[in-house]
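What follows is the residue order along each chain.
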Amino acid sequence: MAQEVKTTCPYCGVGCGVIAKIDDDGGVSVKGDPDHPANYGRLCSKGSALCETLDLDDRLLYPHVGGDRVNWDEALDLVASKFSEAIATHGPDSVAFYVSGQLLTEDYYLANKLMKGFIGSANIDTNSRLCMSSSVAGHRRAFGSDTVPGVYEDLFLADLVILTGSNLAWCHPVIYQRLAAAKAERPEMKVVVIDPRRTMTCDIADMHLAIKPDGDVALFTGLLAHLAKGATLDKTYIESHTHGFEEAVRAASDIGLATIVEATGLSLAELTRFYDLFERTESVVTCYSQGVNQSSTGTDKVNAIINCHLATGRIGKPGAGPFSLTGQPNAMGGREVGGLANMLAAHMAIESAEDRDRVQRFWKTPTIATKPGLKAVDLFQAVADGRIKALWIMATNPAVSMPDAGAVEAALKQCPFVVVSDIMGTTDTARHAHVLLPSLGWGEKDGTVTNSERRISRQRGYLPAPGEAKADWWQFAEVGKRMGYADAFTYANPTEIFAEHASLSAFENNGSRDFDIGAFAEIGQPAYDDLAPFNWPQRSGERPHTTRFFADGKFFHADGKARFVSTSLPQTSRTSADYPLTLNTGRIRDQWHTMTRTGKSARLSSHLAEPFVEFHPRDAMEARVESADLVEVESPLGTVILRALVTDRQARGSLFVPMHWNDQFAANARIDRLVPPITDHFSGQPASKNVAVTARRFEAKAYAFAVTATAPQKPDCAYWALAKAEGGYRLELAFDTLPDDWISWSRKIFGIDARIEPLGYADNRTGDIRLAFFDEDKLLAALFIAAAPVAVARNWAVAQLKERHEDLRNRFALVAGRPGAGRPDPGATVCSCFNVGINQITSAIREGCHTVEAVGACVSAGTNCGSCRAEIRTIIDGCLKTAAE
Ligand SMILES: Nc1nc2c(c(=O)[nH]1)N[C@H]1C(S)=C(S)[C@@H](COP(=O)(O)OP(=O)(O)OC[C@H]3O[C@@H](n4cnc5c(=O)[nH]c(N)nc54)[C@H](O)[C@@H]3O)O[C@H]1N2
Ligand SMILES: Nc1nc2c(c(=O)[nH]1)N[C@H]1C(S)=C(S)[C@@H](COP(=O)(O)OP(=O)(O)OC[C@H]3O[C@@H](n4cnc5c(=O)[nH]c(N)nc54)[C@H](O)[C@@H]3O)O[C@H]1N2
Ligand code: SF4
Ligand SMILES: [Mo]
């Protein structure tokens, strides 16, 4: 009998419920959980492809020390003794943990307990520093606590939804689809997108404000000044429940509209339209994500937004409030356990002696950290200058994702002792580990996560542990025991940890802290096994219910009132004569961060298969760059080589590069090598979206494209980008020095046996060279070389890996790089669920399908997860526009 297990998606902060079905033969499939309140059955492309990422290729299966396999005892003893030694010799602040919003709450709770409660240092920081910390700091300044006031339903109830610095369509796709559906039902609902780029999210926007990089503080400060002049202020709310309104309005009014126009790059007409719309719409939700947080003024951006909601009393009401969209599946859970270096457990403050005393008594520990620890950027700086003697990195890949990633790598290289716990053994960070610990991954591990709307859901394991992989919480517990804290670190399972965490949240709380899940303080195994998703708080004795905060005006500052924060206008432009362009970095639809999981899926890798840099047409022209050229992008910290994509979605003067590619998938595309470690003063969050760079065409001697049935060796050339494909891999290449002999080069890179003779073709006129290697009727590898970017239909070439090539004529057609008659090239993949290419979509449009639904009915594209619907609509618009011209 097939078995079904309810669990939660391990990717974004939407936190969709997933049902994993395990067939009798062990095969696994997933579908959306129709009962989960985050998604009601929907999944996006990444969630739908989860099963394609569960194979054990490159999985880390055993503990390793110095590259050699060891048993767990040996590895754990070594970790405990190295940490203890460093602490004994150099003090508790000489060690550090760098963890992740992708840990489960139970893992995270133990990491924090071990470092802050027993080692006695607060040197535990997390990749949430790069992600949510400006929101945390903004919330704490305004509310006195790190509270997200609203729930998802508010977005669908609102009459105005503002999305600022959020590419919801690609980064929170299921919320985007639910929003699009709500808007279709209530066309009077307005959506405003504030983003320097015209992203796919703009597909549902009534207004797109293409703001200048970091113009947000000015935009929302201007809005406050505008609101102060009108009749929509909620004077009773301001007077009874807040402080600092007058100062904030005075500061805002001093600025003047001309300055706002200059700082935002928006016209007076655009500003007025937006301000009027906000003013006259009672029910407004402002969602924000990394375009707000990842900035040197991120915290001020958050407060500038919250100010406008406080001034109008539009907070914590159905359909109204500021809404920070969390990125990672457990960004919120991490905040609940106090995983950031400047927080304490259960939303308590490390600066507060009373809170420290309370946590210390609860943990029954002789010591507790007395001051905030090092924040991510400072932490790696301390590693670099030798202050950190032992570092444990878990569930994050800082060699790729930290700013100045080159310096981070150098720091890791010279750190005396680095432990990495990961599911993969081959990441750019793992290669610098002295000790590698194999962790259980999604589908194998058990615990809880909290999504953007404070909803706690279970992740449930349903697959056997591969090799000797162990849960992350277990690793911390074992090291804790070995460091002499057996009493505090003996747990039989995650249930006991969750119960302790719940109990701490309620400990001496009495309504003084927002985070309280005391209802679960006594939870036992059966209840934990059955735990249904619930929205916190759920205090002792309460039943599950939906909670919004602050409509009642009760805040968590000592006097119970909220604070308006006066913001001044920052200097935001970083460009100079040498570095005249602004580099903006972020995400694409089908990849997750450093690609260690999504990079395994051929479907997900087919949407955008190469690291790229997106240009405005004028900037491209000035840099003499055309689409499909290779481009060197340079900042004072380094240079990368990427494929050019020229589109009018990009604003003039600004480039966009995805954050995902790394040394496992490309020669030189780790974009964080270019990002300087500039941080927000309050939160310590790096400014990953406003980097001064210059760009120029990369002149290659030869370009090539290859498909190969097995994983190739890393090529030794100026540019390469590897992507998983159906039946093998595809590889883009460019050379600044040519190999002596293409055949030997191919044999080495593709691992082709000397007995197999290539089928070859060379065109002396164009310089094109083609080589293909067959084993009987199976294609092993094909290489297409040209003097210019290779014009071979990629998806067609990939499809040849799965074809039988009995017919010699077909083999020649393949070498010629031409689809045979009756086998049209589907073109670049748009719909990854059904593998539908752009050429198939355009021919459906030509045949009269002029709506997304009609295209779906004809070629199935966009009919499953819906993530590509915005893109299909853009293609339709483009085709119809071209036809009309
Ligand atoms: N497909 C996919 N989805 C993901 C992830 C992923 O890796 N892949 N990661 C998850 C995680 S951890 C996170 S944090 C979220 C992030 O989700 P988002 O924040 O939505 O994603 P980003 O692409 O980082 O950035 C959002 C937008 O901010 C814009 N922006 C840049 N500068 C500014 C500015 O100064 N002002 C404004 N208003 N906008 C600006 C960018 O152009 C970009 O379109 O996504 C989550 N979801
Ligand atoms: N330039 C630029 N840089 C950025 C950003 C940006 O927008 N621009 N965004 C920033 C943001 S918001 C974020 S959240 C970070 C994300 O950056 P990272 O956290 O570095 O990226 P991931 O690829 O998610 O890394 C997760 C690691 O954990 C491993 N892993 C997966 N599951 C498990 C598990 O169960 N246990 C353990 N132990 N390991 C596991 C994966 O294999 C992978 O190596 O990047 C930040 N960096
Ligand atoms: S929107 Fe997609 S990635 Fe995010 S939780 Fe849902 S299925 Fe997973
Ligand atoms: Mo994130």
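All values reported here derive from a predicted model rather than from experimental measurement.

**With respect to the UniProt feature "domain: 4Fe-4S Mo/W bis-MGD-type" (unreviewed entry) in the protein**
Here's step 1: With numbering aligned to this structure, UniProt lists the feature "domain: 4Fe-4S Mo/W bis-MGD-type" (unreviewed entry) at residues 2-58.
Here's step 2: Within the segment residues 2-58, helix and strand shares are 7% and 30% respectively, and the terminal C-alpha atoms sit 28 Å apart.

**Regarding the site of ligand 1**
Here's step 1: Lining the immediate surroundings of ligand 1 are 35 residues, of which Asp-195, Asp-214, Gln-290, Arg-587 and Gln-591 lie closest.
Here's step 2: Contacts to ligand 1 include Arg-587, whose side-chain N or O atom sits 2.6 Å from an oxygen atom.
Here's step 3: For the shell around ligand 1, the secondary structure elements donating two or more residues are α6 (168-171), α13 (290-293) and β21 (581-586).
Here's step 4: Grouping the constituent residues of the shell around ligand 1 by class yields ten nonpolar, 16 polar and nine charged.
Here's step 5: A domain-level breakdown of the shell around ligand 1 finds at least three residues from each of domain 3 (133-324) and domain 4 (581-697).

**Remarks on the environment of Ala-433**
Here's step 1: Looking at the element boundaries, Ala-433 is found in the loop between β15 (418-422) and β16 (435-438).
Here's step 2: Along the sequence, Ala-433 and Ile-393 sit 40 residues apart, while their C-alpha atoms lie 9.1 Å from each other.
Here's step 3: Apart from the residues lying within four places of it in its own chain, the contact partners of Ala-433 are Val-418 and Val-420.

**Quick notes on the sheet that holds strand β18 (residues 455-459)**
Here's step 1: If you trace the three strands from one edge of the open sheet to the other, you get β17-β18-β19, paired in antiparallel fashion. With partners counted over all chains shown, the strands left at the sheet margins are β17 (447-450) and β19 (534-535), one partner each.
Here's step 2: Bridge count between β17 and β18: four bridges; the pairing is antiparallel. The residue of β18 that forms the bridge with Gly-447 is Gln-459.

**Quick notes on the site of ligand 2**
Here's step 1: Around ligand 2, 33 residues are found, and the nearest of them are Ser-401, Asp-422, Lys-445, Thr-594 and Asp-672.
Here's step 2: One nitrogen or oxygen atom from the main chain of Ala-395 is found 3.4 Å from an oxygen atom belonging to ligand 2.
Here's step 3: Taking Ser-421, its main chain carries an N or O atom lying 3.1 Å from a nitrogen atom of ligand 2.
Here's step 4: Bound to the protein, ligand 2 loses 99% of the 920 Å² it would expose on its own.
Here's step 5: When grouped by side-chain class, the residues that make up the shell around ligand 2 number nine nonpolar, 17 polar and seven charged.
Here's step 6: When we break the shell around ligand 2 down by domain, the ones giving at least three residues each are domain 2 (64-131 + 330-535) and domain 4 (581-697).

**Regarding the nonpolar core**
Here's step 1: Counting residues in each nonpolar core, the largest one holds 115 residues, and the members touching the most others are Phe-83, Phe-97, Phe-220, Phe-274 and Trp-392.
Here's step 2: Both domain 2 (64-131 + 330-535) and domain 3 (133-324) contribute no fewer than three residues apiece to this core.
Here's step 3: For Phe-83, the residues in contact, after removing those within four places along its chain, are Val-95, Ala-96, Phe-97, Ala-390, Leu-391, Trp-392, Phe-417, Val-419 and Met-483.
Here's step 4: Ranked by size, the runner-up nonpolar core spans 73 residues in total, among them Val-5, Val-148, Phe-665 and Ala-695.

**Some remarks on the side chain of Gln-650**
Here's step 1: Structurally, Gln-650 can be placed in the loop between β24 (638-646) and β25 (654-658).
Here's step 2: By relative accessible area, Gln-650 is classed as buried at 2%.
Here's step 3: Residues in contact with Gln-650, not counting those within four places in the same chain, are Arg-197, Glu-614, Phe-615, His-616, Leu-655 and Phe-656.

**Re unusual backbone geometry**
Residues apart from glycine generally show negative phi values, whereas peptide bonds are mostly found in trans.
Here's step 1: The omega angle of the peptide bond from Trp-536 to Pro-537 is 5°, so this bond is cis rather than trans.
Here's step 2: Backbone geometry places Ala-346, a non-glycine residue, at a positive phi of 50°.
Here's step 3: Considering the arrangement of structural elements, one finds Ala-346 in the loop between α15 (331-336) and α16 (353-363).
Here's step 4: On the basis of relative accessible area, Ala-346 is assigned to the buried category, the value being 1%.
Here's step 5: The phi angle at Arg-624 is positive, at roughly 55°, despite the residue not being glycine.
Here's step 6: With respect to the helices, strands and loops of the structure, Arg-624 is situated in the loop between α24 (617-622) and β23 (630-635).

**Remarks on the domain arrangement of the protein**
Here's step 1: Each domain of the protein was delimited in the assignment, giving domain 1 (3-53), domain 2 (64-131 + 330-535), domain 3 (133-324), domain 4 (581-697), domain 5 (702-816) and domain 6 (829-884).
Here's step 2: In this complex, domain 1 contributes four residues to the contact, which on the side of domain 6 involves four residues.
Here's step 3: Between domain 1 and domain 6, a total of about 250 Å² is buried, with carbon and sulfur atoms accounting for 53% of that surface.
Here's step 4: Per-residue buried area on domain 1 facing domain 6 is highest for Leu-43, Ser-45 and Ser-48; these three make up 87% of the total on that side.
Here's step 5: Applying the counting rule to domain 1 against domain 6 returns one residue pair in polar contact (both at pLDDT 80 or more).
Here's step 6: For the side of domain 1 that touches domain 6, the class distribution of residues is two nonpolar, two polar and no charged.

**Focus on the pattern of salt bridges**
Here's step 1: A complete count under the given rule lists 65 salt bridges for this structure.
Here's step 2: One salt bridge in this structure joins Arg-589 and Asp-590, with 2.9 Å as the shortest N-O distance. Asp-590 matches Arg-589 in its accessibility class, with the two residues each being buried.
Here's step 3: Each member of the salt-bridge network shares a partner with another, and the members are Glu-354, Asp-355, Asp-357, Arg-358, Arg-361 and Glu-508.

**Some words on the pairing of strand β30 (residues 758-762)**
Here's step 1: Bridging between β30 and strand β31 (residues 769-775) involves five bridges; their strand directions are antiparallel. Bridge pairing in β31 places Ala-762 opposite Ile-769.
Here's step 2: Counted between consecutive antiparallel strands, the loop separating β30 from β31 contains six residues, among which Gly-767 sits at a positive phi close to 85°.

**Quick word on the packing of helix α28 (residues 838-846) against helix α30 (residues 869-884)**
Here's step 1: Here α28 crosses α30 at 55°, and the two axes come no closer than 10 Å. One finds that α28 runs oblique with respect to α30. Note on packing geometry: the crossing formed by α28 with α30 is right-handed. Contacts between α28 and α30 pair Ile-838, Ile-841, Thr-842 and Ile-845 from the former with Ile-872, Ile-875, Ile-876, Cys-879 and Leu-880 from the latter.
Here's step 2: Residues that form the contact of α28 with α30 fall into these classes: eight nonpolar, one polar and no charged.

**A look at the sheet that holds strand β10 (residues 207-209)**
Here's step 1: Spatially, β10-β9-β8-β12-β13 is the arrangement adopted by the five strands of the open sheet, whose pairing is parallel. Two strands in the sheet have a free side with no partner beyond their single neighbour: β10 and β13 (321-324). Neighbour to neighbour, the strand axes of the sheet diverge by 15° on average, direction disregarded.
Here's step 2: Sheet topology note: the strand β8 (residues 160-164)/strand β9 (residues 190-194) ladder contains five bridges and is parallel. Each residue of the ladder has a partner; that of Thr-164, found in β9, is Ile-194.
Here's step 3: Packed on one face of the sheet, helix α12 (residues 268-280) meets β8, β9, β10 and β12 (284-288) and runs near 125° to β10.

**Things to note about the packing of helix α8 (residues 216-229) against helix α11 (residues 257-264)**
Here's step 1: For the pair α8 and α11, the least separation of the axes is 8 Å and the interaxial angle reads 150°. Classified by the angle their axes make, α8 and α11 are roughly antiparallel. You can see that α8 and α11 cross each other, and the crossing is left-handed. Facing α8, whose interface residues are Ala-218, Leu-219 and Gly-222, α11 presents Ile-260, Ala-263 and Thr-264.

**What about the packing of aromatic side chains?**
Here's step 1: One pass over the full model with this rule turns up 35 aromatic pairs.
Here's step 2: Between Trp-536 and Phe-549 the ring centres are 6.1 Å apart and the planes differ by 65°, which places this aromatic pair in the edge-to-face class. Here Trp-536, found in the loop between β19 and β20 (562-563), pairs with Phe-549, found in the loop between β19 and β20; they are 13 residues apart in sequence, far enough to count as distant. There is no split in this pair, since Trp-536 and Phe-549 are both buried.

**Let's talk about the side chain of Thr-8**
Here's step 1: Counting through the fold element by element, Thr-8 comes out in strand β1 (residues 3-8).
Here's step 2: For Thr-8, a relative accessible area of 1% puts it in the buried group.
Here's step 3: At 2.7 Å, the side chain of Thr-8 forms a polar contact with the backbone oxygen of Arg-458.
Here's step 4: Once you skip the residues sitting within four places of it in the chain, Thr-8 turns out to touch Gly-15, Cys-16, Val-18, Trp-442, Val-449, Ser-457, Arg-458 and Gln-459.

Parameters at a glance
Residues numbered from 1 in each chain as written. Chains lettered and ligands numbered in written order. Predicted model: local features only at pLDDT ≥ 70, side-chain atom pairs only at ≥ 80, totals over all residues. Heavy atoms only, no water. UniProt positions renumbered as here; feature names shortened; annotations may be inferred. Helix = DSSP H or I, 4+ residues; strand = E, 2+ residues; numbered from the N terminus. Near = heavy atom within 4 Å. Polar contact = N/O pair within 3.5 Å; in protein donor to acceptor, adjacent residues only side chain to side chain. Nonpolar A, V, L, I, M, F, W, Y, C, P; charged D, E, K, R; others polar. Domains from an automatic or database assignment. Contact = heavy atoms within 4.5 Å. Pairing = 2+ DSSP bridges. Areas by Shrake-Rupley, 256 points an atom, 1.4 Å probe, with all protein chains shown as cover. Core = buried A, V, L, I, M, F, W, Y, C linked by side-chain atoms within 4.5 Å. Buried < 20%, exposed > 50% of the residue type's maximum accessible area, 1.4 Å probe, protein only. Buried area = accessible area lost by both parts, 1.4 Å probe. Salt bridge = Lys/Arg side-chain N within 4 Å of Asp/Glu carboxyl O. Axes fitted to C-alpha atoms, helices over the stretch in contact; angles between N-to-C directions. Parallel < 35°, antiparallel > 145°, perpendicular 65-115°, else oblique. Left-handed = near helix turned anticlockwise from the far one by under 90°. Phe/Tyr/Trp six-rings, centres within 6.5 Å; stacked < 30°, edge-to-face > 60°.

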